[in-house]
Amino acid sequence: MNNVTIIGCGDVGRRVAMRWLVRGKRVYGVARGQDTVTAMAALEITPIQADLDEPASLLNLPLQNSLLYLFVPPPDQGDTD
């Protein structure tokens, strides 16, 4: 494993990211909102702005040789994820 990729890098994701950063790993954080992307960059997490509801935005995620975390909450409405 060369990298860590965190999809849903909000509060919990950033806490996990910090644990890997202090170990010298490159951490990619994936989030939809610009505020979260800005917060990740300030913490030296490599930000990727993408939306799970827009598959085209997910095509170039750095998943090769990455440990993957998924911290995505369920949708606000509906019966399925």
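Each remark here, short or long, concerns the structure printed above.
The structure displayed is predicted, hence computed values, not measured ones.

Undergrad: In this structure, what is going on with the nonpolar core? I would like to understand it.
TA: In globular proteins that are soluble, nonpolar side chains generally tend to be buried together. Within the largest apolar cluster, eleven residues are counted, these being Val 4, Ile 6, Cys 9, Val 16, Ala 17, Trp 20, Val 27, Ala 31, Val 37, Met 40 and Ile 45. For this core, the secondary-structure elements that each account for two or more residues are β1 (3-7), α1 (11-21), β2 (26-31) and α2 (34-42). At three residues, α1 tops the list of elements feeding residues into this core. Those residues in contact with Val 16 that lie beyond four places of it in its chain are Ile 6, Tyr 69 and Phe 71. In terms of nonpolar packing, the next biggest core, distinct from the first, is built from six residues, Ile 7, Val 30, Ile 48 and Leu 61 among them.

Undergrad: Would you explain the sheet that holds β2 in this entry?
TA: Consider a sheet: its strands pair through backbone hydrogen bonds, and that pairing is either parallel or antiparallel. If you walk across this open sheet you meet the four strands as β3-β2-β1-β4, and the pairing is parallel. Where the open sheet ends on each side, the last strands, each with one partner, are β3 (46-49) and β4 (66-70). For this sheet, the mean inter-axis angle between neighbouring strands, taken without regard to orientation, is 20 degrees. Where β2 lies against β3, four bridges are found, and the strand directions are parallel.

Parameters at a glance
Residues numbered from 1 in each chain as written. Predicted model: local features only at pLDDT ≥ 70, side-chain atom pairs only at ≥ 80, totals over all residues. Heavy atoms only, no water. Core = buried A, V, L, I, M, F, W, Y, C linked by side-chain atoms within 4.5 Å. Buried < 20%, exposed > 50% of the residue type's maximum accessible area, 1.4 Å probe, protein only. Helix = DSSP H or I, 4+ residues; strand = E, 2+ residues; numbered from the N terminus. Contact = heavy atoms within 4.5 Å. Pairing = 2+ DSSP bridges. Axes fitted to C-alpha atoms, helices over the stretch in contact; angles between N-to-C directions.

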